[in-house]
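Given next are the chains, with one letter for each unit.
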Amino acid sequence: MHIPEGLLPPLHAAAWTAAAAPFIVHGVRSLTREVRANPDAKLLLGAAGAFCFVLSALKIPSATGTSSHPVGVGLGAVLFRPPVMAVLGTITLLFQALLLAHGGLSTLGANAFSLAVVGPWVAYGAFRLVRSVTTRLSEGLSLSLSVFAAAFSASLGTYTVTSLQLALAHPDPEGGIVGAFVKYATIFSLTQIPIAVIEGLITVAVIRILTSVSRGDLVRLGVLRASAAPPSPSGTRTEAAPATAAEDREKGSSE
């Protein structure tokens, strides 16, 4: 997912930057709205960004000129929805390009589109899907399965798009774009599937920790169901109102 400097033709790099730009602009609006509405969310936002930075900084050689990494966007997508993660993921990629030589500045748009745009949306879609089909399971098991699916799917989704980006830029002499895509996707999948499994397990562990230390925040964000919150001293369920607020912010993120 860290396509290095110079590996994409200028026209391709510009096109992917243009494709990613609207999502990032929308993400800035969503992030600003989130911080204004919930100033206390800054700590979790920072944790989601740091999680993405650390995991995606791990580097495993994969294909010529590229490498495989965990992507780290599943956690932020589950907590704050994909638009916010578009910003955090792009910031992560920018700092990695400048400080770690992972990726490049000319390819920042392409890398952002795969990791910060497609990855979070795939993660959130997988999270909501698994959450909806595991309603009869216990809250803890349902949440763990959903978070694992989010992180796993984001990892594979990101590298599927990266394979397409490389295939479009460097078609196979015999198989063309399709042949190049199959080649890149096959090479990446051999290393990415076990990486995605490990990333999923790590993300589940982090969510379990957050469930213990920040249960109220997870209910407010709509990650935990309101019925899973402990009863208040008065005997009524807590966080019922924040659950409605979470629905409102989800509607706002899709504007």
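You'll find the structure just up there.
Predicted model, so just to flag it, every value in this text is computed and none were measured.

The next thing to look at is the overall build of the protein chain. On a plain count of helices and strands, the protein chain comes out with 9 helices and 2 strands. Shown N-terminal to C-terminal, the secondary structure of the protein chain runs as helices and strands in the order α-α-β-β-α-α-α-α-α-α-α. Counting all 255 residues of the protein chain, 49% fall into the buried class. Considering only contacts in the protein chain between residues 6 or more positions apart, those separated by 24 or more positions represent 71%. Accessible surface computed for the protein chain: about 11,400 Å², of which carbon and sulfur atoms make up 70%.

The next thing to look at is the pattern of salt bridges. By the definition in use, this model includes 4 salt bridges. Where Glu139 meets Arg225, a salt bridge forms, and the shortest distance between an N and an O atom there is 2.5 Å. Note that Glu139 is positioned in helix H6 (residues 139-169) and Arg225 in the loop between helix H8 (215-220) and helix H9 (240-253), a separation of 86 residues in sequence. Linked through salt bridges whose partners overlap, the residues forming this network are Glu34, Asp217 and Arg220.

Another aspect to go through is a nonpolar patch on the surface. A grouping of Ile91, Leu94, Phe95, Leu98, Leu99, Leu100 and Leu105 is seen on the molecular surface, where their side chains present a nonpolar patch of about 650 Å² in accessible area. Along the polypeptide, Leu94 turns up in helix H4 (residues 82-99).

What follows is about the packing of aromatic side chains. One pair of aromatic rings is described through two measures. These are the centre distance and the angle between the planes. Applying the stated criterion across every chain yields a total of 4 aromatic pairs. Here the aromatic rings of Phe23 and Phe113 are separated by 6.4 Å at their centres, their planes lie at 80°, and the arrangement is edge-to-face. With a gap of 90 residues between them, Phe23 in helix H1 (residues 10-37) and Phe113 in helix H5 (residues 108-133) connect regions that are remote in the sequence. Residue Phe23 is classed as partly exposed on the basis of its relative accessible area of 36%. On the basis of relative accessible area, Phe113 is assigned to the buried category, the value being 16%.

What follows deals with the side chain of Ser144. Along the chain, Ser144 turns up in helix H6. One polar contact links Ser144 to Arg208, side chain to side chain, over a distance of 3.3 Å. When sequence neighbours within four positions are dropped, the list of residues in contact with Ser144 reads Val204 and Arg208.

Attention now goes to the nonpolar core. One finds Leu79, Phe80 and Val223 to be the most contacted residues of the largest nonpolar core, which totals 55 residues. Taken together, the elements giving at least two residues each to this core come down to H1, helix H2 (42-57), helix H3 (74-80), H4, H5, H6, helix H7 (176-213) and H8. Per element, the largest residue contribution to this core is 10 residues, and it comes from H5.

Moving on, we come to the side chain of Thr92. With respect to the helices and strands, Thr92 occurs in helix H4. The contact partners of Thr92, leaving out residues within four places of it in the chain, are Gly49, Cys52, Phe53 and Ser56.

Given a rise of 1.5 Å per residue, 26 residues ought to cover 38 Å, and the 36 Å separating the end C-alpha atoms of H5 matches this to within 8%. In H5, a bend of some 30° at Val118 exceeds every other bend along the element, and Pro120, a proline, comes one to four places later. Most of H5 is tucked away: 19 of the 26 residues are buried.

It is worth spelling out the packing of H2 against H7 at this point. Following both chains from N to C, one finds H2 and H7 inclined at 160°, their axes separated by 13 Å at the closest point. As far as their axial angle goes, H7 and H2 are roughly antiparallel. Here the hand of the crossing between H2 and H7 comes out right-handed. Note on element contacts: H7 touches H2 through Glu199, Ile202, Thr203, Val206 and Leu210, opposite Leu44, Phe51 and Leu55.

Another aspect to go through is the packing of H5 against H6. It is at 7 Å that the axes of H5 and H6 come closest, and there the two elements cross at 150°. Classified by the angle between their axes, H5 and H6 sit roughly antiparallel to one another. In this structure, H5 crosses over H6, and the sense of that crossing is right-handed. Residues belonging to the contact of H5 with H6 are distributed by class as follows: 16 nonpolar, 9 polar and 2 charged.

This brings us to the environment of Ala21. Assignment of secondary structure puts Ala21 in helix H1. Residue classification places Ala21 among the partly exposed positions, given a relative accessible area of 34%. C-alpha separation for the pair Ala21 and Val117, spaced 96 residues apart in sequence, amounts to 9.8 Å.

The rules behind each value
Residues numbered from 1 in each chain as written. Predicted model: local features only at pLDDT ≥ 70, side-chain atom pairs only at ≥ 80, totals over all residues. Heavy atoms only, no water. Helix = DSSP H or I, 4+ residues; strand = E, 2+ residues; numbered from the N terminus. Buried < 20%, exposed > 50% of the residue type's maximum accessible area, 1.4 Å probe, protein only. Contact = heavy atoms within 4.5 Å. Areas by Shrake-Rupley, 256 points an atom, 1.4 Å probe, with all protein chains shown as cover. Salt bridge = Lys/Arg side-chain N within 4 Å of Asp/Glu carboxyl O. Patch = residues over 30% accessible without salt bridge, like charges linked within 9 Å, V, L, I, M, F, W, Y side chains within 5 Å. Phe/Tyr/Trp six-rings, centres within 6.5 Å; stacked < 30°, edge-to-face > 60°. Polar contact = N/O pair within 3.5 Å; in protein donor to acceptor, adjacent residues only side chain to side chain. Core = buried A, V, L, I, M, F, W, Y, C linked by side-chain atoms within 4.5 Å. Expected span 1.5 Å × (residues − 1). Bend = angle between axes of the 7 residues up to and from the residue. Axes fitted to C-alpha atoms, helices over the stretch in contact; angles between N-to-C directions. Parallel < 35°, antiparallel > 145°, perpendicular 65-115°, else oblique. Left-handed = near helix turned anticlockwise from the far one by under 90°. Nonpolar A, V, L, I, M, F, W, Y, C, P; charged D, E, K, R; others polar.

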